[in-house]
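# A look at the structure
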Amino acid sequence: MTEEQFRETVDQYGDMIFRLAYSYLKNRADAEDVMQETLLKRYVEQKSFDSPEHEKNWLLRVAVNECRKLLRSPWRRRTEPLEDAEAPSFDSPAQSELFRQVMALPPKYRAAIYLYYYEDYPVRDIAAAMGANPSTVQTWLMRARGQLQVKLKEAESL
Amino acid sequence: MIDQKLYQETFSRLCASDEAKKEVLLKMQEKSNKKRLPKVLRGILIAAALTAALAVTVSAANTNMLEDILLTLVFSDGIHERMVDEEGNEYNFISIGGGTEVRDGRVIFSGMGEELDITDALEADGVFTKTYDADGMEVVVTITGTVEEHTLEIVTPEATITQAYPANKSPAAADVDAGLVSAEPMEGACIPAGE
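A brief structural summary. (Residues numbered from 1 in each chain as written. Chains lettered and ligands numbered in written order. Predicted model: local features only at pLDDT ≥ 70, side-chain atom pairs only at ≥ 80, totals over all residues.)

## Section: the overall build of chain B
Which entries qualify depends on this criterion: Numbered from the N terminus, helices here are DSSP runs of H or I no shorter than four residues, and strands are runs of E no shorter than two. In this scheme the burial state of a residue depends on its C-beta neighbours within 10 Å: 20 or more other such atoms mean buried, 12 or fewer mean exposed, and anything in between means partly exposed; the C-beta positions come from the backbone. Each residue is represented by a C-beta atom placed from its backbone, and any two residues with such atoms within 7 Å are regarded as in contact.
Check the secondary structure of chain B and you find 4 helices and 13 strands. Looking at chain B as a whole, 30% of its 195 residues are labelled buried. Contacts spanning at least 24 positions in sequence make up 43% of the contacts within chain B whose residues lie at least 6 apart.

Structural data, given as structure tokens:
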């Protein structure tokens, strides 16, 4: 992979990896670390891929592993992530509320939701990326939807 | 159910900072630099007759630990050259240039992006010398002899390259102090860019 190709990879996948990592970790600095680490692995390993989808799947899988590694680290387990001071600003209260409620879900649910609703990934591919059974992912999605539905309705009624 | 459009609009606001993206490019360059040729090879590297489409085989003749590396030129501005090997690793070089030639009885040195008529210096003193600064690396060019028969010596901190004119006066077109003998007539010499 040349420098130019690496730049293109950063442009093409940087935000995708960041969003997944942010969904998982709920922290901008950690998510950026994961983005960098994942992309550098892509550069160092110089893997060849059958298709852009293959490459994307690989990057997502590596990003999930990096997120897990970070979550498992003794340092992170002893410290509570700070609330993100740089949370994005939204156009509407609906967006703001959705963001707040999604980020209140458990990390695995948030990551699965992101891959399903943002990246349009089928359950099978989410399972592959997250190293889980498809039935488990299905359960995560179902529970996440259920919890969100309740929370969003509560917020609406206030 | 989650409104997918609303979800996508909401989460599209999440973007990595430009600083983080720039930083990863810098980290990549650091890793890339670490992949430069090992010092022992860097000191003895010669590439012959570089053209834009040419693949060049670089041999490390006096070392067993390094195998031939096939490098392909991907960028050149006349002085700086970038090559990639088969695995996509990049190598940056500074090109010395084309050496000497005799035109209409005049000795012309081509190198470091310029052409110089050195006939007068050779006829007067038997030697021409010039020091260049190549991105902070000192390159000393010395040509000794006569118009008809002379030797070009290029000294850098990492290598000394010699070239005889005419080429068939020498057993090989180019010798390097570390022992490499290029099998090809040397029309241009490349030295790895300093770190």
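## Notes on unusual backbone geometry
Cis geometry marks the peptide bond from Y165(B) to P166(B); its omega dihedral reads -5°. Note that P166(B) resides in the loop between strand 11 (160–165) and strand 12 (174–176). The backbone of K26(A) shows a phi angle near 60°, a positive value even though the residue is not glycine. When you line up the elements, K26(A) lands in the loop between helix 1 (3–25) and helix 2 (28–45).

## Details of the nonpolar core
Residue and element names in this part refer to chain A. Definition in use: Throughout this description, the term nonpolar core refers to a group of buried Ala, Val, Leu, Ile, Met, Phe, Trp, Tyr and Cys residues whose C-beta atoms join them within 7 Å. By convention here, the domain bounds are inherited from an automatic or database domain assignment.
Ranked by size, the top nonpolar core spans 47 residues in total, and within it I17, A21, A63, A112 and I126 carry the most contacts. With 10 residues, the single largest contributor to this core is helix 1. When we break this core down by domain, the ones giving at least three residues each are domain 1 (1–87) and domain 2 (88–158). Excluding residues within four positions of it along the chain, A112 makes contact with I126, M130, V137, W140, L141 and A144.

## Digging into the sheet that holds strand 7 (residues 114–117) of chain B
All names here are of chain B. Cut-off, in case you're wondering: Strands qualify as paired when DSSP identifies two bridges or more between them. In this description, a line fitted to the C-alpha atoms serves as the axis of each element, helices being fitted only across the stretch in contact, and the angle between N-to-C directions of two axes falls anywhere from 0 to 180 degrees.
One open sheet holds the 3 strands; their spatial order is 5-6-7, and the pairing between them is antiparallel. On the outer flanks of this sheet lie strand 5 (99–103) and strand 7, each paired with one strand and no other. The mean angle between the axes of side-by-side strands here comes to 25°, regardless of whether they run parallel or antiparallel.

## Thoughts on the interface of chain A and chain B
Facing the 30 residues of chain A at the interface are 27 residues of chain B. Considering each element in turn, the side of chain A that touches chain B owes the most residues, 9 residues, to helix 1 of chain A.

## Regarding the packing of helix 6 (residues 107–118) of chain A against helix 1 (residues 4–11) of chain B
Worth spelling out the cut-off: What sets the label is the angle itself: under 35 degrees gives roughly parallel, over 145 gives roughly antiparallel, 65 to 115 gives roughly perpendicular, and the rest give oblique. Take the far helix as your reference; a near helix turned counterclockwise from it by less than a right angle gives a left-handed crossing, and one turned clockwise gives a right-handed crossing. Put simply, Ala, Val, Leu, Ile, Met, Phe, Trp, Tyr, Cys and Pro go in the nonpolar bin, Asp, Glu, Lys and Arg in the charged bin, and everything else, Gly too, in the polar bin.
Where helix 6 of chain A meets helix 1 of chain B, the axes come as close as 9 Å, and the angle between the chain directions of the two elements is 110°. Our classification of the angle between helix 6 of chain A and helix 1 of chain B gives roughly perpendicular. Helix-helix and strand crossings are classified by hand; for helix 6 of chain A and helix 1 of chain B the assignment is left-handed. Listed contacts from helix 1 of chain B to Y114(A), Y117(A) and Y118(A) of helix 6 of chain A are Q4(B), Y7(B), Q8(B) and F11(B). In terms of residue class, the contact of helix 6 of chain A with helix 1 of chain B is built from 5 nonpolar, 2 polar and no charged.

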